[in-house]
Amino acid sequence: MDLSWMAWTKPTAIFFVVIALLIAGMATWERISPGGSPRVGVLRLKTHRGDRLFITLLGSAFIHLAWLGLTPFSLWGALIVSAIYGTLVFSFV
Amino acid sequence: MKPWNNRAWFLVLPMLLLVAFSAVIPLMTVVNYSVQDTFGDNKFFWAGVEWFRKTLHSERFVSALIRNLIFSGIILAVEVPLGVLIALRMPKKGIGVPICLVLMSLPLLIPFNVVGTIWQVFGRNDIGLLGGTLKSLGFDYNYVSNPVHAWVTLIVMDVWHWTSLVVLLCYAGLASIPDAYYQAAQIDGASGWARFRYIQLPKLSRVLTIAVLLRFMDSFMIYTEPFVVTGGGPGNATTFLSIDLVKMATREFNLGGAAAMSLIYFLIILLVSWVFYTVMTRHED
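Quick notes on the rules
- Residues numbered from 1 in each chain as written.
- Chains lettered and ligands numbered in written order.
- Predicted model: local features only at pLDDT ≥ 70, side-chain atom pairs only at ≥ 80, totals over all residues.
- Heavy atoms only, no water.
- Helix = DSSP H or I, 4+ residues; strand = E, 2+ residues; numbered from the N terminus.
- Rg over C-alpha atoms; globule rule 2.2 N^0.38 Å.
- Buried < 20%, exposed > 50% of the residue type's maximum accessible area, 1.4 Å probe, protein only.
- Contact = heavy atoms within 4.5 Å.
- Buried area = accessible area lost by both parts, 1.4 Å probe.
- Polar contact = N/O pair within 3.5 Å; in protein donor to acceptor, adjacent residues only side chain to side chain.
- Axes fitted to C-alpha atoms, helices over the stretch in contact; angles between N-to-C directions.
- Parallel < 35°, antiparallel > 145°, perpendicular 65-115°, else oblique.
- Left-handed = near helix turned anticlockwise from the far one by under 90°.
- Nonpolar A, V, L, I, M, F, W, Y, C, P; charged D, E, K, R; others polar.
- Phe/Tyr/Trp six-rings, centres within 6.5 Å; stacked < 30°, edge-to-face > 60°.
- Core = buried A, V, L, I, M, F, W, Y, C linked by side-chain atoms within 4.5 Å.
- Patch = residues over 30% accessible without salt bridge, like charges linked within 9 Å, V, L, I, M, F, W, Y side chains within 5 Å.
- Areas by Shrake-Rupley, 256 points an atom, 1.4 Å probe, with all protein chains shown as cover.
- Salt bridge = Lys/Arg side-chain N within 4 Å of Asp/Glu carboxyl O.

Trainee: How do you make sense of the overall build of chain A when you look at a structure like this?
Mentor: Helices and strands together make up the secondary structure of chain A, namely three helices and two strands. The linear arrangement of helices and strands in chain A, starting from the amino end, is α-β-β-α-α. The C-alpha atoms of chain A give 16 Å as radius of gyration, which overshoots the globular expectation for 93 residues (12 Å, by more than 25%). Principal-axis analysis of the C-alpha atoms gives chain A an extent of 45 × 40 × 15 Å. Residues classed as buried in chain A amount to 31% of the 93 residues present. A fraction of 44% describes how many contacts in chain A between residues 6 or more apart in sequence connect residues 24 or more apart.

Pasting the structure below:
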């Protein structure tokens, strides 16, 4: 099957594989500990762990965009900030 | 005994395939395009995040985004209250119900490009009913050369086209409120406002969530009608993100830039929709 029209590159393939692995990881986590561990966090919203992953991914996308738009530094910095942000979301949101 | 059967998830498979082919695979392709440059012939060159950096620093993108946000804000501020008001005033029984429902549905049945064409002709001050009438009344109305007139025309057109959707959703929500609530309110001597505030509005919250989400997403993605009516002009006064995006992708053949812009556009829609949804459903649990 010719997929050249999709213009795949190694970095974008890695990106999608990571997203797929995250979703698979969440499914495994749900299997081990069903129920999604609902709680009301600092945002005063009831969230499940799927919501927390969504908030992490969406927030990380905006962190990367803000990093690109506002700083001249390498994107690795945005990745570190996103990892810290994700940890905070999974701990407190 | 297990209360559910996980094999039921297989029933979702056809929809999953449909979504994969109609949304996920195109989205993946857009992501791939956004980090590359192409000059045609299916040849691509790695560009990294340069397209994103360029888009974020481009005045053209920021202006179109601001115009889009203002347009969506005005649309929501007009269509949602107006839709609720009309739904509250619509007859609840009798021959008036089907007549009102059909009248309300009519604008929704008209294709987008036809709506644009209707309003393009309607607004012209030489042959259009609206433009001609305003001109004969002494107003110097010209949506082709005056940015304010172009904006007013697009807003009025959108309100005409889409308020019915809010009305129909709210009408369905109101129809589902049991009479017992109104009887209790009557016994308590509740005023019209109290009935609306404490019975109708809470019961409408779900349909209003859907209405706000749909109207935000549609107005933020609006393309056909402004393209047909004003073509993005005068100047760039009504060039919204979608119009700029199509211009960049098809006329300038700047696929990388257009892909980066699409992804930022998509993320903004996703964020605002999530915020709306979360805020409007936070009390449901």
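Trainee: Just checking my understanding: could you explain the interface of chain A and chain B for this structure?
Mentor: Buried accessible area, meaning the area lost when the parts come together, often serves as the stated size of an interface. The interface is formed by 23 residues belonging to chain A together with 26 residues belonging to chain B. When chain A packs against chain B, close to 2200 Å² is buried across both sides, 76% of that on carbon and sulfur atoms. Of all residues in chain A, M6, L65 and L68 of chain A give up the largest surface area on contact with chain B, accounting jointly for 24% of the area buried on that side. Here chain A is connected to chain B by six residue pairs in polar contact (both at pLDDT 80 or more).

Trainee: Before we go on, may I ask you to explain the packing of helix α2 (residues 49-70) of chain A against helix α3 (residues 75-92) of chain A in this structure?
Mentor: Residues and elements named next belong to chain A. Between α2 and α3, the shortest axis-to-axis distance is 9 Å and the interhelical angle comes to 155°. When the axes of α2 and α3 are compared, the pair comes out roughly antiparallel. In this structure, the crossing between α2 and α3 has a hand that is right-handed. Here R49, R52, L53, I55, T56, G59, S60, I63, H64, W67 and L68 of α2 lie close against α3, whose contacting residues are L75, G77, A78, L79, V81, S82, Y85, G86, V89 and F90. Of the residues contributing to the contact of α2 with α3, the split by class is 12 nonpolar, seven polar and two charged.

Trainee: Mind showing me how you'd approach the side chain of N254 of chain B here?
Mentor: For N254 of chain B, the position within the fold is in the loop between α11 (241-251) and α12 (255-281). Apart from residues no more than four positions distant in its own chain, N254 of chain B is found in contact with W51, M248 and A249 of chain B.

Trainee: So what exactly am I meant to see when it comes to the packing of aromatic side chains here?
Mentor: Aromatic rings considered in pairs are described by the distance between their centres and by the relative angle of their planes. For the structure on display, the rule yields 19 aromatic pairs over all chains. Summarising the aromatic geometry, the rings of F15 of chain A and F16 of chain A are spaced 5.1 Å apart at their centres and angled 75° between planes, so their arrangement reads as edge-to-face. Taken together, the ring pairs connect F216, F220, Y265 and F276 of chain B into an aromatic cluster.

Trainee: Sorry if this is basic, but what is going on with the nonpolar core here?
Mentor: Most often, soluble globular proteins keep nonpolar side chains buried together rather than apart. Grouped together as the largest cluster of nonpolar side chains are 47 residues, with contacts concentrated most on F52, C170, L204, F220 and L241 of chain B. The contacts of F220 of chain B, once residues within four sequence positions are left out, are L65, N68, L69, S72, L241, Y265, I268 and I269 of chain B.

Trainee: Hey, could you run me through the side chain of T56 of chain A in this one?
Mentor: Positionally, T56 of chain A belongs in helix α2. Contact partners of T56 of chain A, with chain neighbours within four places excluded, come to Y85, G86, V89 and F90 of chain A.

Trainee: Where do I start with a nonpolar patch on the surface in this structure?
Mentor: A surface patch of nonpolar side chains, amounting to about 910 Å² of accessible area, comprises W9, F10, V12, L13, M15, L16, L18, V19 and V24 of chain B. With a relative accessible area of 37%, V24 of chain B lands in the partly exposed category.

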